[in-house]
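Per-entry structural report
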Amino acid sequence: MEAQDFELLIGQNIIQRYHSDSTRPDVFELLGREWDLLDDVWPPAYSPGGELYAHLIPFHEMSAFLEMGCGTGIMSVLAALAGTERVLGLDINPAAVRNTELNAKRHGVADRVTARVSDLYSAVEPGERFDGIYWNPPFLNAPADVVDSSIWHETMFDPAYAKMRHFLRAGRELLNPGGRAYLWFGEALGNPTLISDLADETGYELHVLTKIEMSEIPEALVDAFPGDLVGGDENEYAAWHLHLLELKPR
Ligand SMILES: C[S@@+](CC[C@H](N)C(=O)[O-])C[C@H]1O[C@@H](n2cnc3c(N)ncnc32)[C@H](O)[C@@H]1O
């Protein structure tokens with residue numbers, strides 16, 4: 001199977017799994033706190049996320065932080081709780097924007113967290129600048145001709161990593177001097193040099209803050225990964241790692 005078809009299959013399985021999941025809660029617990037989860041917003045419980053390693057991001061040194069694709073807004077809230085004065089969460093999905101507002105309110109940081117509907121940086125206002133920009137992006141490079149603009153395709157797929165390129169390239173222009181971009185990203189199924197190639201192409205120095213060896217598929221996603229493609233050492237697609245990456249403009 002071609003790598004892109006494999007990534008499409010994984011994404012379709014995760015979407016199907018989401019829609020047939022009758023156990024998804026309205027409120028979930030993570031990092032010792034409770035969080036609201038609205039329908040049609042990526043549930044962080046489906047995959048270990050960058051928020052688990054938020055302590056590696058120097059929020060206390062930042063006065064402004066932007067979370068792209070904020071989803072439930074956990075990272076935005078954590079940034080505000082860690083002392084960042086101005087946090088902006090952006091998402092193409094209006095439900096994610098409402099969800100981020102709810103969680104900011106729930107954790108008492110609504111005065112510091114703003115959320116806007118935005119296609120990548122389209123809702124950033126002229127002159128707004130940030131000390132840190134973060135994204136847990138759509139991981140899967142599915143073929144462009146089968147990807148549409150539905151919320152779940154936007155959440156899962158990034159054909160040829162066009163969104164990721166834009167996030168990095170345009171993000172550079174929005175960073176204050178000394179600012180950094182951060183990514184929570186898989187070593188893409190079967191493409192171990194992807195991120196270093198993209199960092200080179202878009203003009204960043206790459207620093208791996210943490211690398212998680214995924215010897216097991218997260219339990220919540222187990223149905224999404226076809227057993228004959230994932231799980232054996234001999235299988236090229238089995239090499240799945242997750243990273244929190246720091247990217248410093250060159
Ligand atoms: C994998 S989810 C991560 C959600 C959340 N940050 C988290 O870690 O739980 C990717 C998020 O990116 C958002 N997204 C996808 N394409 C986008 C775009 N062009 N502009 C803004 N947000 C986008 C999706 O709506 C989704 O909320």
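Structural data are supplied above this passage.
The structure contained in this document is the topic of the report that follows. In this text, all values refer to a predicted model and were calculated from it rather than measured experimentally.

**Remarks on the site of the ligand**
Taken together, 21 residues surround the ligand, and among them Gly 69, Asp 91, Leu 120, Asn 136 and Lys 163 come closest. Asp 91 is positioned such that a nitrogen or oxygen atom in its side chain is 2.6 Å from an oxygen atom of the ligand. Within the side chain of Asp 119, an N or O atom sits 2.9 Å from a nitrogen atom of the ligand. Bound to the protein, the ligand loses 97% of the 590 Å² it would expose on its own. Those elements that provide at least two residues to the shell around the ligand are β3 (64–68) and α4 (151–156). For the shell around the ligand, the residue count by class is nine nonpolar, six polar and six charged.

**Description of the packing of aromatic side chains**
Under the definition given, this model contains 10 aromatic pairs. Consider the rings of Tyr 53 and Trp 184, whose centres lie 5.6 Å apart with planes at 15°: the pair is stacked. Highlighted residues: Tyr 53 in the loop between β2 (33–36) and β3 and Trp 184 in strand β7 (residues 175–186), separated in sequence by 131 residues. We note that Tyr 53, like Trp 184, is buried. Note on Phe 139 and Phe 185: the rings are 5.2 Å apart at their centroids and 55° apart in plane angle, and the pair reads as tilted.

**Details of the sheet that holds β7**
Sheet strands line up and pair through hydrogen bonds in the backbone, either parallel or antiparallel. Judged by pairing direction, the sheet is mixed, and its seven strands sit side by side in the order β5-β4-β3-β6-β7-β9-β8 without closing on themselves. Bordering the open sheet on either side are β5 (113–117) and β8 (204–213), each of which pairs with just one other strand. Neighbour to neighbour, the strand axes of the sheet diverge by 15° on average, direction disregarded. With five bridges connecting them, strand β4 (residues 86–91) and β5 associate as parallel partners. Each bridged residue has a counterpart across the sheet, and for Val 87 the counterpart in β5 is Val 113. Here helix α3 (residues 94–106) sits on the sheet in contact with β4 and β5, set at roughly 170° to β5.

So, how was this worked out
Residues numbered from 1 in each chain as written. Predicted model: local features only at pLDDT ≥ 70, side-chain atom pairs only at ≥ 80, totals over all residues. Heavy atoms only, no water. Near = heavy atom within 4 Å. Polar contact = N/O pair within 3.5 Å; in protein donor to acceptor, adjacent residues only side chain to side chain. Areas by Shrake-Rupley, 256 points an atom, 1.4 Å probe, with all protein chains shown as cover. Helix = DSSP H or I, 4+ residues; strand = E, 2+ residues; numbered from the N terminus. Nonpolar A, V, L, I, M, F, W, Y, C, P; charged D, E, K, R; others polar. Phe/Tyr/Trp six-rings, centres within 6.5 Å; stacked < 30°, edge-to-face > 60°. Buried < 20%, exposed > 50% of the residue type's maximum accessible area, 1.4 Å probe, protein only. Pairing = 2+ DSSP bridges. Axes fitted to C-alpha atoms, helices over the stretch in contact; angles between N-to-C directions. Contact = heavy atoms within 4.5 Å.

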